[in-house]
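The lines below spell out each chain.
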Number of protein chains: 2
Amino acid sequence: MANEKKAVESITSMEEDFGQWYTDVVKKTDLIDYSSVKGCMIIRPYGYAIWENIQHQLDKMFKETGHVNVCMPLFIPESLLNKEKEHVEGFAPEVAWVTHGGSEKLQERLCVRPTSETLFCEHYANIIRSYRDLPKLYNQWCNVVRWEKNTRPFLRSREFLWQEGHTMHATAEESQEETQRMLRVYAEFCEKYLAIPVVMGRKTDKEKFAGALETYTIEALMHDGKALQSGTSHNFGDGFARAFNITYLDRNNQLQYCHQTSWGMSTRIIGGIIMTHGDNNGLVLPPFIAPTQVMIIPIAAHKSGVAEKARELKNQLGLKFRTDIDESDNTPGWKFAEHEMRGIPLRLELGPRDLENNACVLVRRDNGEKISVSLDGLEETVETLLADITASMYNLAMERRERMTYTAHTFDEMKEIAANKPGFIKAMWCQDPACELNLKERCDVTSRCMPFDNESVSDICVCCGQKADRLVYWGKAY
Amino acid sequence: MANEKKAVESITSMEEDFGQWYTDVVKKTDLIDYSSVKGCMIIRPYGYAIWENIQHQLDKMFKETGHVNVCMPLFIPESLLNKEKEHVEGFAPEVAWVTHGGSEKLQERLCVRPTSETLFCEHYANIIRSYRDLPKLYNQWCNVVRWEKNTRPFLRSREFLWQEGHTMHATAEESQEETQRMLRVYAEFCEKYLAIPVVMGRKTDKEKFAGALETYTIEALMHDGKALQSGTSHNFGDGFARAFNITYLDRNNQLQYCHQTSWGMSTRIIGGIIMTHGDNNGLVLPPFIAPTQVMIIPIAAHKSGVAEKARELKNQLGLKFRTDIDESDNTPGWKFAEHEMRGIPLRLELGPRDLENNACVLVRRDNGEKISVSLDGLEETVETLLADITASMYNLAMERRERMTYTAHTFDEMKEIAANKPGFIKAMWCQDPACELNLKERCDVTSRCMPFDNESVSDICVCCGQKADRLVYWGKAY
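Everything in this summary refers to the structure shown in the same document. Please read these numbers as outputs of a predicted model, since none were measured by experiment.

Quick notes on the rules
- Residues numbered from 1 in each chain as written.
- Chains lettered and ligands numbered in written order.
- Predicted model: local features only at pLDDT ≥ 70, side-chain atom pairs only at ≥ 80, totals over all residues.
- Contact = placed C-beta atoms within 7 Å.
- Helix = DSSP H or I, 4+ residues; strand = E, 2+ residues; numbered from the N terminus.
- Nonpolar A, V, L, I, M, F, W, Y, C, P; charged D, E, K, R; others polar.
- Pairing = 2+ DSSP bridges.
- Axes fitted to C-alpha atoms, helices over the stretch in contact; angles between N-to-C directions.
- Parallel < 35°, antiparallel > 145°, perpendicular 65-115°, else oblique.
- Left-handed = near helix turned anticlockwise from the far one by under 90°.
- Buried ≥ 20, exposed ≤ 12 C-beta atoms within 10 Å, placed from the backbone.

## Remarks on the interface of chain B and chain A
On the side of chain A, 44 residues touch chain B, which itself brings 44 residues to the contact. Top contributing element to the side of chain B that touches chain A by residue count: strand E5 (residues 96–101) of chain B, with 6 residues. Of the residues belonging to the side of chain B that touches chain A, the class tally is 27 nonpolar, 11 polar and 6 charged. Note: strand E5 (residues 96–101) of chain A against E5(B), 5 bridges, orientation antiparallel. By the bridge assignment for E5(B), A:Gly101 is matched with B:Ala96.

As structure tokens, this is what we get:
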């Protein structure tokens, strides 16, 4: 048995070293591999299949809200990146520069896109003429590059995959509606399909996107009490439109500037799934995005009829669920540990005695519960269980978040919680950037968001003691 | 009426200037736009939707043949690219180099991947240990960059989208089988779904992929008689495996080198669709990949019941076909011309008289045929028509290819045909590279492929007159 459990025992426990636990999980479950390209990762088949499932659902939700996909160039000429001042200041320090094509030096350097506002703006300036052309609701699925110093698989890598929506609207009201609509799409996606509870809110000016008027965010809380910004949506107003001269003729034949949004979710969310649901046995995958939802393991497969029935069940369940069967010559114990580590939501065991009773055993990955069920109506049983697993995973994560959310009323209280209790800290803020900076420098917390559901946990700023009516979630973040 | 036809009249006729016709079509049907990034294109929603439909079907065919998707880094360190000698010689002159990250100069230059053999090899060397790990059947959908001098939308651009399959096998036989299997997948995809007839065959050594043992190709013939290499499949033998030390322990515990393939199809195929099926009115899209398969146009929509019924038909047909409705205030004539130009396979006209008769008018884009059909059983009628359109488009393309395929027995004949008759030229070749070069220099033709269906149109080489038993398709190519 010692040998059978080898795969799992080699994962460092979370309590011992959370960072090492994370690294062990992403490597040992074959989600990623490293390459000789520093700071970039290889997303292996098991990891990429999760991304494909994420893409599939998000893309559907984008199309249902009227968006279409496009493909913009990978490169941005330096002069184009320079057009919007705040934006270039935010991104220039972390872009990769192409200087040569073949053996020739380029006349102008090209940066590898860190984000594509500038390219979309140039295109929109080209194609928008009148109010009839609006709104433009574009999205693209692509890779982007940001030259980060400290990298972690999924969480922060020099290249990552994402989608970036970029939309243009006739009025400020419409761009504001779009910004919030897409944030709600992200929140719904996280909560319903990934079982990750999120706090929706607005970023402070200090934390907002380079060039944005307002940035909205969904923030999730990881196992170790650190926050993960899981999706963002930006309202640019007409700032870029003025810089790029994106105008339209309105119904009264007056020239107006367009109003703009962008919003993105990336492969970073896979890191969020791992750190929200994983445990010391490895991954725990939400059924909706698990590459394999049901893994069938025949027990004593040499006994008459077991292997045949197991394959029959694979075909039967395969019509409705992503189902696989492990017929390798490893022992059942090894298989249990392996598929548990890989986070497969449901394990189906079928042995000779089950077969006699027209039954099988189902084992849940999330809570280890083991039940014997009839083979009659198996699809319905599996469907109900998968839905219940999603709900339980969400509830468990929500309970943990509530347990790890603290309230601070004074600076000393804030400092004490920040130093000793990992998690979110709710505290009032007077909206003075000096207080925000002070909390960062002296308590090592950043503002995560000003939640849509504003509360009043006190009537003074946690930092300066002046009057304050704005609640902020503070914390340490990835 | 003059005004209504404006959109179409601005497309240059093929006979007048084929290159300009192509440019007009891709621009005026909103497939692409140019940007300030020289040689790179923006794929607009209408063009990208075609690519999504292509991806969807190809990905399905790859998965059905056992392949899984992965994501490798965008960058290749110079030292990694240099590992396989023939490969680097082929690609180094046309790669883009990243030299700086942020404000720092990189210690080693990174090239933006022109293709990913080297990255896959490094990864495979890392993860393959034993015969149990084989075969590895990986694919990735991504962007690649080749610093071309002369660019054309879809056909040759500095950045393009593609898929690249990279597989590893235990034996030479298996890698050879895989190479041919994937070529057949490409051929089936082109013929069945894109209605493009192709010639399958092997490339000569001169025309094969840098580093490959053998390259297989599917070649299609465009309207102007030029060939388009539409998909390729390469057998690398163990060449890269030796350079990258990719070995496995076989069943007898002996260390063996792996055998490798790669295969790719790109957004170039969209250029192939345009130049195979398009006409002087614009695009003609194969139903299978058309973003809109049926466009409903209400006639006299203000008359009682017309608009309602048209919308009802949209919902009804929308369950089975990609269906849209044009309720804009443009005239029917303008709409007809517009949707014709955009290549929509079927137009459905519904007017008050049709409504009275429980009928509608269907107009085929491929041959202009116009039929009045009953609204009863409309789905079946549309389904049959779309299948018939695909078959007719294929037949038309095939007839043209046959009409434009010539046979040359002597050098003079070759020269005369090459100078005056656009198309494929079938001629025997002694397999001496000197003759191939001679034909290129003096007749301006390259070898397109040595077809799987070898024929004997003569028993001597068309160039030198020596004994020859190998048929080659020659031609001018994109």
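So much for the structure itself; the text now carries on.
## Here we look at the packing of helix H3 (residues 45–64) of chain B against helix H7 (residues 172–193) of chain B
Residue and element names in this part refer to chain B. For the pair H3 and H7, the least separation of the axes is 11 Å and the interaxial angle reads 140°. In terms of orientation, H3 lies oblique with respect to H7. As H3 runs across H7, the sense of the crossing is right-handed. Of the residues in H7, those touching H3 at Gln57, Leu58 and Met61 are Val185, Phe189 and Tyr193. A per-class count over the contact of H3 with H7 returns 5 nonpolar, 1 polar and no charged.

## Section: the sheet that holds strand E16 (residues 323–325) of chain B
Residue and element names in this part refer to chain B. Pairing in this open sheet of 5 strands is mixed, and the strands run E16-E15-E17-E18-E19 from one edge to the other. Single-partner strands in this sheet number two, and they are E16 and strand E19 (370–374). Shown here is a sheet whose adjacent strand axes are inclined to one another by a mean of 25°, direction ignored. Pairing of strand E15 (residues 294–298) with E16, which is carried by 3 bridges, proceeds in the parallel orientation. Directly across from Met295, in E16, lies its bridge partner Asp324. Contacts between helix H10 (residues 306–318) and the sheet are confined to E15, E16 and strand E17 (346–350), with E15 contributing the most and set at about 170° to the helix.

## Topic: the pairing of strand E8 (residues 159–169) of chain A
All names here are of chain A. Counting buried positions over the 11 residues of E8 gives 10, a clear majority of the element. In terms of strand pairing, E8 meets strand E14 (residues 259–266) through 8 bridges, oriented antiparallel. Within E14, the residue paired with Glu164 across the bridge is Gly264.

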